[in-house]
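This is what each chain is made of:
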Amino acid sequence: MTADDVDRALADNRANWDDRAGVHVASEFYDVRGLVSDPEGITDVVRRDLAVLAPHLPGGSVRGLTLLHLQCHIGTDTLSWARLGAVDVHGLDFSERALDHARDIAGAAGEGITYVQGDAQFASEVVDRTFDVVVTSVGTICWLPELVSWAHSVHDLLVPGGVFMIRDDHRLVTAMDPELDVVTEDYLSGGGQTVYEEAGSYTDVQESVAPITHTTNHTWQHDLSEVAGALLGAGLDLVALGEHPTMDWKRFPELVECPEGWTTPPGTPRIPLTFSMVARRPD
């Protein structure tokens, strides 16, 4: 792809996520009203992220630590990190419309969170400071054409000794057709982008909300070796790698609900549904 092709693809994605923002704020899936009204409420996504991150934090907590949330969307997870005690919390996303909702949500919840519009690949160019913790989670890096710039930004955004955590859908899962349960895409990186049209989203869509009219999506899939290689190549130390039998949404019809989200039915082969990595910037 040429640079112009990438720019057009990212513009398509931004328009799609601008449309999704209003849909998601109104959805039962995000339950924004319930989250805002409960001062101690945190999202299930952040609860699972913290389980991955906690062993690598002082006292197993983000309390008192500065934190940046990359690809924060409407900010429900960002709010959760603030409620867990993180300080000077920042969120970054490429959709200004999503950030408008994130600011409204933070304001309604009484939390002072700073939101910045920008591309996560080049986050360090628009966020001029460093953090103790940088996080990104669930459905994020497939929207990034390449990870080298992203990993270098993560490195530059961390204080020496700072910790980065990613938890996301496993590439094995995203390579499979959700209805046929067969592999329909390359598992390995380097196969190019996937382009598809979708007028819906992973949440419920209420009739009273403006529809998604920008339906073109472009994704780029990254296998575990590419993610790890990018982080190592940026000068970070990889301190933990996990492959998990649960995921945060019902990717396949036969998945069954469990305390940690969704998993394969009892008696069926267990496969990794999500992965996680924790990396640290050397002192």
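The structure under discussion appears in the preceding block.
Only a predicted model underlies this, so the values are computations on that prediction, with no experimental measurement involved.

Asker: It is not clear to me how helix H5 (residues 96-109) should be interpreted in this structure. Could you clarify?
Answerer: Residues spaced three or four apart along an α-helix face the same direction, because each turn holds 3.6 residues. Over its 14 residues, H5 extends 20 Å from the first C-alpha to the last, a length consistent with the 20 Å expected when each residue adds 1.5 Å. Of the positions making up H5, those classed as buried are Ala98, Leu99, Ala102, Ile105 and Ala106. Looking down the long axis of H5, one finds its buried residues gathered within 115 degrees of arc, a one-sided arrangement. Among the exposed residues of H5, those pointing more than 90 degrees away from its buried face are Asp104, Gly107 and Ala108. Next to the buried residues of H5 lie helix H1 (3-25), helix H2 (32-37), helix H4 (76-83), strand S2 (87-93) and strand S3 (114-117). Positioned one or two residues after H5, Gly110 has a phi angle of 75 degrees, which is positive.

Asker: Could you clarify how one ought to interpret the packing of helix H3 (residues 44-53) against H4 in this entry?
Answerer: Two quantities define a packed helix pair, namely the angle between the helix axes and the distance between the axes. Two elements in contact, H3 and H4, have axes separated by 9 Å at closest approach and are oriented at 55 degrees. Between H3 and H4, the interaxial angle falls into the category oblique. Relative to H4, H3 is oriented so that their crossing is right-handed. Facing Val45, Val46, Asp49, Leu50 and Leu53 of H3, the residues of H4 in contact are Asp77, Ser80 and Trp81.

Thresholds, definitions, all that
Every residue gets a number counted from 1 within its own chain, in the order that chain's sequence is written. The model is predicted, so local features are restricted to residues of pLDDT at least 70 and side-chain atom pairs to those at 80 or more, both for listing and for counting; the totals for chains, interfaces and linings are taken over all residues. Side-chain descriptors were evaluated using all non-hydrogen atoms of the structure, hydrogens and water having been removed beforehand. Put simply, DSSP marks the helices as runs of H or I at least four residues long and the strands as runs of E at least two long, and each gets a number from the N terminus on. Multiplying 1.5 Å by the residue count of a helix minus one yields the expected span of that helix. With a 1.4 Å probe rolled over the protein chains alone, any residue whose accessible area is under 20% of its type maximum counts as buried; one over 50% counts as exposed, and the rest are partly exposed. Regarding the arc, it is the one traced by the directions from the helix axis to the C-beta atoms. Contacts: residue pairs with any heavy atoms within 4.5 Å of one another. Every axis in this analysis is a line fitted to C-alpha atoms, fitted for helices over the stretch in contact. Angles between the N-to-C directions lie between 0 and 180 degrees. Angles below 35 degrees are treated as roughly parallel, those above 145 as roughly antiparallel, those between 65 and 115 as roughly perpendicular, and all remaining angles as oblique. A clockwise turn of the near helix away from the far one marks a right-handed crossing, whereas an anticlockwise turn of less than a right angle marks a left-handed crossing.

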